[in-house]
Amino acid sequence: MEEKMIVRIEKCLDKMIHKNVKVYQNGFIMNQFLIENMVFKIRNDILNLKDETKDIYLVINLNQVYQVEISEKKLILYIDNDTNIEISL
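Every residue gets a number counted from 1 within its own chain, in the order that chain's sequence is written. Local features are withheld for residues below a pLDDT of 70 in this predicted model, meaning they are given only at 70 or higher, and side-chain atom pairs are given and counted only at 80 or more; totals for whole chains, interfaces and linings count all residues. By convention in this description, side-chain values take in all heavy atoms of the structure and omit both hydrogens and water.

Q: How would you sum up the side chain of Asp-45? Please name residues and give values.
A: Labels follow the DSSP assignment, with helices taken as runs of H or I lasting at least four residues and strands as runs of E lasting at least two, numbered in each case from the N terminus. Tracing the backbone through its elements, the reader meets Asp-45 in the loop between strand E3 (38-43) and strand E4 (46-51). Within the buried set, Asp-45 has no salt-bridge partner at all; the shortest N-O distance to an opposite charge, 11 Å, is to Arg-43. Residue contacts follow a heavy-atom distance rule, with two residues in contact if any of their heavy atoms lie within 4.5 Å. Those residues in contact with Asp-45 that lie beyond four places of it in its chain are Met-1, Ile-6, Ile-60, Asn-61, Leu-62 and Asn-63. When accessible area is computed with a 1.4 Å probe and restricted to protein chains, residues below 20% of their type maximum are described as buried, those above 50% as exposed, and intermediate ones as partly exposed. Neither His nor the chain termini are counted; the positive set is Lys and Arg, and the negative set is Asp and Glu. A pairing counts as a salt bridge when a side-chain nitrogen of Lys or Arg comes within 4 Å of a carboxyl oxygen of Asp or Glu.

Q: I'd like a rundown of the environment of Leu-13, residues and numbers included.
A: Topologically, Leu-13 is positioned in helix H1 (residues 3-14). Looking at Leu-13, the relative accessible area reads 0%, which means it is buried. For the pair formed by Leu-13 and Leu-49, sequence separation is 36 residues and the distance between their alpha carbons is 9.4 Å. Leave out the neighbours within four places in its chain, and Leu-13 touches Met-38, Phe-40, Leu-47, Leu-49, Leu-75 and Ile-87.

Q: So what's going on with the sheet that holds strand E6 (residues 65-71)? Residues and values would help.
A: Read across the open sheet, the five strands follow the order E2-E1-E8-E7-E6; overall the sheet is antiparallel. Of all the strands in the sheet, the pair left with one neighbour each is strand E2 (31-35) and E6. Here the average twist between neighbouring strands, direction ignored, is 15 degrees. Should DSSP find at least two bridges between two strands, the strands are taken to pair. Pairing geometry for strand E1 (residues 21-26) and E2, over five bridges, is antiparallel. Across the sheet, Val-23 pairs through a bridge with Phe-33, a residue of E2. Between N-to-C directions, angles cover 0 to 180 degrees, with each direction set by a line fitted to C-alpha atoms, over the stretch in contact for helices. Contacts from H1 reach E6, strand E7 (74-79) and strand E8 (83-88), with the element oriented near 40 degrees to E6.

Given below as structure tokens:
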């Protein structure tokens, strides 16, 4: 993924650190869960979201992302295999 896009993703996620974050997966598998105290890191194009106090996490290979939508309180990652991940406050 382009460095410029990773910076935009990081800026959006920075606003969500240590907050309750809802994660929705839509596609051939659908689920939703809550991360109560979200922290993240991006290393080698791998996005790791996790709950700082619980054993809840999500790992996404950003090389599989072909489109990104970013708004004030929401990040949507469109991933191969017709799946999207929405991360929102």
